[in-house]
Amino acid sequence: MIPVEPEGKKEARRTRSGHVFKHPDTRKRMDEIAEFIRAQYQGDLLRGPLQVLIVAIKTRPKSKPKAVYVDVKPDADNIWKLVADAATQSGVLWGDDCQIVDGRSIKLYAPPGVPGWIELYVRRHPAAANARQAVPVSGQALWEAMCAA
């Protein structure tokens, strides 16, 4: 568990000369997430194809007392980018987030009165660990496997 309110990664700004600046809030949030990852994960650097689940649990607003899923901003892909880049920045989980071949993110509301947090689940991709050669898989089969999980 990462006790940080889920936010989306904000776009970097580019000056006329081409210099790129990360948004200060994004930089701060990535540092916080990376620090929690470093403190919680003591294993070896994960290599090869990875499967990742990010569960973003947002603080529940009073206007949504019964809602379960967060259907407002930030977008799930922006939360994904922030957490995956922070995990890469931590330097303890994986070498590069390009190793993620199967990823999913879910946005939920926290129970009333409980602040938001992020849950990050990572494992070596089970099919890739056993495969010696590429096997074509249909999009329908992937969708059914994802829905069954």
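Summarised in this report is the structure supplied together with it. Worth saying up front: this structure is predicted, and the values here are computed from it rather than measured. (Residues numbered from 1 in each chain as written. Predicted model: local features only at pLDDT ≥ 70, side-chain atom pairs only at ≥ 80, totals over all residues. Heavy atoms only, no water.)

Here we look at the side chain of Arg 60
Tracing the chain through its elements places Arg 60 in the loop between strand 3 (50-58) and helix 2 (76-90). We note that Arg 60 is buried and unpaired, the nearest opposite charge coming from Asp 71 at a distance of 10 Å. At 2.6 Å, the side chain of Arg 60 and the backbone oxygen of Ala 67 are in polar contact. Beyond its immediate chain neighbours, meaning those up to four positions away, Arg 60 contacts Pro 65, Lys 66, Ala 67, Tyr 109, Ala 110, Pro 111 and Pro 112. (Helix = DSSP H or I, 4+ residues; strand = E, 2+ residues; numbered from the N terminus. Buried < 20%, exposed > 50% of the residue type's maximum accessible area, 1.4 Å probe, protein only. Lys, Arg positive; Asp, Glu negative; His and termini not counted. Salt bridge = Lys/Arg side-chain N within 4 Å of Asp/Glu carboxyl O. Polar contact = N/O pair within 3.5 Å; in protein donor to acceptor, adjacent residues only side chain to side chain. Contact = heavy atoms within 4.5 Å.)

What to know about the packing of helix 1 (residues 24-40) against helix 2
Where helix 1 contacts helix 2, the two axes come as close as 8 Å, and the packing angle between them is 60°. By the angle between their directions, the pair helix 1 and helix 2 is classed as oblique. Remark: the crossing between helix 1 and helix 2 carries right-handed chirality. The residues of helix 2 that touch helix 1, namely those facing Thr 26, Arg 29, Met 30, Asp 31, Ile 33, Ala 34, Ile 37 and Arg 38, are Leu 82, Val 83, Asp 85, Ala 86, Ala 87, Gln 89 and Ser 90. Among the residues making up the contact of helix 1 with helix 2, the classes are represented as eight nonpolar, three polar and four charged. (Axes fitted to C-alpha atoms, helices over the stretch in contact; angles between N-to-C directions. Parallel < 35°, antiparallel > 145°, perpendicular 65-115°, else oblique. Left-handed = near helix turned anticlockwise from the far one by under 90°. Nonpolar A, V, L, I, M, F, W, Y, C, P; charged D, E, K, R; others polar.)

Remarks on the sheet that holds strand 5 (residues 117-124)
The three strands lie next to each other as 4-3-5, forming an open sheet whose pairing is mixed. In this open sheet, the two strands that pair with only one neighbour each are strand 4 (100-109) and strand 5. When the angles between neighbouring strand axes are averaged without regard to direction, this sheet yields 10°. Relative to strand 5, strand 3 is paired through eight bridges, and the arrangement is antiparallel. Pairing of Ile 54 across the sheet is with Leu 120, part of strand 5. Here helix 2 sits on the sheet and contacts strand 3, strand 4 and strand 5; the angle it forms with strand 4, its principal contact strand, is near 120°. (Pairing = 2+ DSSP bridges.)

A word on the environment of Asp 71
Examined against the element boundaries, Asp 71 turns out to sit in the loop between strand 3 and helix 2. Relative accessible area serves as the criterion here: at 61%, Asp 71 is assigned to the exposed category. The spatial distance from the C-alpha of Asp 71 to the C-alpha of Tyr 109 is 9.8 Å, given a sequence separation of 38 residues. A distance of 3.2 Å separates a polar atom in the side chain of Asp 71 from a polar atom in the side chain of Lys 64.

What to know about helix 2
Compared with an ideal rise of 1.5 Å per residue, which puts 15 residues at 21 Å, helix 2 spans 21 Å between its outermost C-alpha atoms and is within 8% of the ideal. Where helix 2 is concerned, the buried positions are Asn 78, Ile 79, Trp 80, Leu 82, Val 83, Ala 84, Ala 86, Ala 87 and Ser 90. At its buried positions, helix 2 is contacted by helix 1, strand 3, strand 4 and strand 5. Of the residues one or two after helix 2, Gly 91 is the one with positive phi, at around 70°. (Expected span 1.5 Å × (residues − 1).)

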